[in-house]
Amino acid sequence: MNRRRWLFVTALTLAIVSYPPQWYPLPVRLKLTEWFGAMGFRALPESVAPPATMPVEFCPPDPENWRERHLIEGVEIEASESCEADNPYTIAAFVRGTNNVSQDTLLKSGLTADAVEMGRDLDGDGDPDEIHIRLEVAELNGGSALSRGPVTSYEIAPGIEPGLWVFAPKFVGMAVENFESRWARHSLRLPSPSIRIEQGDKVLITLENSHYMPHTVHLHGADHGFLTSAGEGNDGVPFTSEMPVMPGHARTYELQPRHPGTMFYHCHVQTHVHAMMGLQGLFIIEPNRPDNWLQTMNIGAGLVRVPSRSLKESFEREYDLHYLDIDKQLNERIQQYNDPRLITRSMHREYDITDSPPDYFTLNGKSFPYTFRESLVVGTMGQRIRLHVVNGGAKGLALHTHGHKFVVTDRDGDEVPESARSAQDVVWLATSQRVDLLLDLTNDGKHAYGPGIWPFHDHQYNGVTTDGIAPGGNISAIVYADYLKEGGWPKTRGVSWDSYFTPAYYRREIPVWESYAPGLFSDTGLDWRMLWRVIGLCLAAGILAGLLLSWLTRRGRGQ
Amino acid sequence: MKPAACFLLSVMALVASRSVAQDEVDHSGHSGHHMEVMPAGVVMNENLTELPRDCPEISRDYAFTIKAGRNFASDIPGMIYGMSQHEVRVLPCSRVEVTFINEDQVRHQWMVHGLPKYLYPAGMFHLEAAGGQSVTGTFIVPGDDQTFLVHCDMAQHMEKGMRGQLVVGDGSGNLWNVPGVSDEFYRFNYLPASMPLLAVLVLAVTFVAAFWLAKKA
């Protein structure tokens, strides 16, 4: 009895002493202030140092000089000023056809001999008009029953590896860099490659479905028959035109487009899932010109290093810009299982796109800051640049540029009349919409304001973040050549980019202004006195609860 | 259609001017290997004559025919691609000829890893057959008991069934995740959706029964 009373008194005293004064009811606090005045000064907790920034290399080296201008197989391949460039041998093989290049070029390209075959010149204008393109389907950052991390890894931004599916050109050999590496080989990446053909070309596209799910190719906006010449379905739509291509199987689609324009291709099996996993790419039909050897595929989109004849008539260079948004709730599902039955159920029945806003926003398969390695639009004063833009994402895209105004010359592959064109600094693209933009670098105060590093990005604010962390998403920049360092990195002014190249930044572990205001806006330390008070209260409450339980059991036994 | 490719052409891919960078950055996927590229596919690092250091002579000659494709996974639940045999057993120091027949319409590979690097660049012997094609290649295995990984390195093909093992002599233990040979290392649980309810139910019944028994005692 004595012990219980002693415990009760102790707990009560502890509670009264521990109870934080700032938690007293307001009338009590006001009365106390009336009597004693304010409490003494007690400094707020110190700032704590964040985890160290461990930036990866901003601008990876280019050991094989892929960025330089090349002349391979008689193909003039323009220099690519950004840090990361495509393999010029692959580009040359895409221009001449993998069946028309030397064995040495083919080996250096990494492609199979039938990746892009080119046949006869049907109109006698000096370029091939029979084109046979083969596409495989590859999974990046997929699951495995052997390891917990994603396999065939591909980063869209530091530490960000969402599960992805892409149409891929046919390469020989392994999907990874080498056996010891978990990283996908250089050319196996998001987005699916841009495809370029000429108006009037007889084109075959064979989908070799090397994935573990059914897929198709739908040629969105490109002139194609509902049936092939052999009477097979040709629209890629399982519920209206043909059976989908099963794993391990192949199917050939055909077209001979009568009109030029910037079109689109995507998988049409469970489209809301498959296209959003990355099975989509730009499909550009160039106007027919003599001796017009096109770069049939542009891996990772971006700068077209072998531009067409028609482009050179009125522009200096052209870029493919492929925008995509990614919902991690969908994309992580391929990493959670290995059994295709479980993956299929999870992606197509459990996932509900109507409940799912996107988290990642990519331009040409990367998010900021990696966009600055390869998706800069580089030019000099007075140049005219053409941008082929597609919004592959599920939400709209409010494409905005600093320092310039775009002119929309074509929408959905059809020319906009001169009289209807205007200079715009926000261009709206609905889902799957394409625009061709004229970017005029003439410093006239309207189309351009002069040299610099001028960002361009989605002006819907989620698009400039990576899962809500800014800067991220699809931010890239128009950079004038004077503002580029030798290696291709822009001479940015302002803040350090170390934190943006540190995975911890996008894991929300580094305060946003830490690099230039250390301590001022950092995370706060603990209020130890408050912590001890709360622990004291918990101790008191525990003792009181114990006493209550013992009283109840004694009562129950009738004592 | 393919002038140069009609002949077998043995090539040493990419001149080894920057050997360090080649090992680290393997952009085209086959730097430093001995490659034979044919329309039917690829044979990489074939070795008919050079003996491993621990082999005085060729102990025996084998010839295997291994088929690959969807058909060979049709009886393995949850797998998409497979091979006619997922395990190959040979004597140490033997010479192994493999004819790899691809019955699908997409590429497949039969790739051995972990071989001595002084004989096989990157420790690899690799066959790749285009859809509907077959390729044949030969290599010589080393003299100690060891189990080597065999797989298809197309993205997800190993995960979805194309994983096997080459057992030399008694081997060095089975590898995980070889269909028909060994279990999955991270095996999914495959429990009913109502498992939590079932668990609570069993727990509750057991609790009541034990309480009642204890009281009776």
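Residues numbered from 1 in each chain as written. Chains lettered and ligands numbered in written order. Predicted model: local features only at pLDDT ≥ 70, side-chain atom pairs only at ≥ 80, totals over all residues.

Engineer: Looking at this structure, I do not really get the overall build of chain A. What am I missing?
Structural biologist: Of regular secondary structure, chain A possesses twelve helices and 25 strands. Expressed along its principal axes, the backbone C-alpha trace of chain A runs to roughly 110 × 60 × 50 Å. A separation of at least 24 residues holds for 69% of the contacts in chain A among residues at least 6 apart in sequence. (Helix = DSSP H or I, 4+ residues; strand = E, 2+ residues; numbered from the N terminus. Contact = placed C-beta atoms within 7 Å.)

Engineer: It is not clear to me how the sheet that holds strand β11 (residues 280-286) of chain A should be interpreted in this structure. Could you clarify?
Structural biologist: Backbone hydrogen bonds are what pair the strands of a sheet, in a parallel or an antiparallel way. Residue and element names in this part refer to chain A. Read across the sheet, five strands follow the order β8-β10-β11-β6-β12 without closing on themselves; strand pairing throughout is mixed. With partners counted over all chains shown, the strands left at the sheet margins are β8 (218-220) and β12 (297-298), one partner each. Sheet analysis places β8 next to strand β10 (residues 261-266), joined by three bridges and oriented antiparallel. Across the sheet, the residue bridging to H218 is H266, located in β10. (Pairing = 2+ DSSP bridges.)

Engineer: Mind showing me how you'd approach the sheet that holds strand β7 (residues 95-102) of chain B here?
Structural biologist: Residue and element names in this part refer to chain B. Strand order in this open sheet of four strands is β5-β4-β7-β10, and the pairing throughout is mixed. The open sheet has two edge strands with one neighbour each: β5 (82-83) and β10 (134-140). Note that strand β4 (residues 61-69) and β5 share two bridges and pair antiparallel. In the strand pairing of β5, A68 is matched with M83.

Engineer: Please explain the interface of chain B and chain A as it appears in this structure.
Structural biologist: Where the parts come together, the accessible area they lose is often given as the size of the interface. Of the residues lining the interface, 47 residues belong to chain B; the matching set on chain A comes to 47 residues. Here the residues of the side of chain B that touches chain A sort into 24 nonpolar, eleven polar and twelve charged. (Nonpolar A, V, L, I, M, F, W, Y, C, P; charged D, E, K, R; others polar.)

Engineer: Looking at this structure, I do not really get the pairing of β10 of chain A. What am I missing?
Structural biologist: For a regular strand, the rule is simple: side chains alternate between the two faces of the sheet. All names here are of chain A. By the criterion of burial, β10 is predominantly enclosed, with six of the six residues buried. Two elements, β10 and β11, share six bridges in a ladder whose sense is antiparallel. Bridge assignment links G261 to a residue of β11, and that residue is I285. (Buried ≥ 20, exposed ≤ 12 C-beta atoms within 10 Å, placed from the backbone.)

Engineer: Whenever I open this one, the packing of helix α1 (residues 2-18) of chain A against helix α12 (residues 528-556) of chain A confuses me. Can you help?
Structural biologist: When two helices pack together, their arrangement is given by the angle between the helix axes and the distance between those axes. Residues and elements named next belong to chain A. Remark: α1 packs on α12, axes separated minimally by 8 Å, with the N-to-C direction vectors making an angle of 150°. By the criterion of interaxial angle, the relationship of α1 to α12 is roughly antiparallel. Regarding α1 and α12, the two cross each other, and that crossing is left-handed. Of the residues in α12, those in contact with R4, L7, F8, T10, A11, L14, A15, V17 and S18 of α1 are R533, G536, L537, L539, A540, I543, L544 and L547. Looking at the contact of α1 with α12 residue by residue, the classes come out as twelve nonpolar, three polar and two charged. (Axes fitted to C-alpha atoms, helices over the stretch in contact; angles between N-to-C directions. Parallel < 35°, antiparallel > 145°, perpendicular 65-115°, else oblique. Left-handed = near helix turned anticlockwise from the far one by under 90°.)

Engineer: What am I meant to see in α1 of chain A here?
Structural biologist: Residues three or four positions apart in an α-helix share a direction because the helix packs 3.6 residues into each turn. Across its 17 residues, α1 of chain A extends 24 Å between first and last C-alpha, which sits within 8% of the 24 Å expected from 1.5 Å per residue. Counted residue by residue, α1 of chain A has zero buried out of 17 residues, so it is predominantly exposed. (Expected span 1.5 Å × (residues − 1).)

Engineer: What should I look at first to understand the domain arrangement of chain A in this one?
Structural biologist: Split into domains, chain A comes out as domain 1 (2-38 + 526-556) and domain 2 (84-314). Here domain 1 of chain A and domain 2 of chain A have C-alpha centroids that lie 70 Å from each other. (Domains from an automatic or database assignment.)

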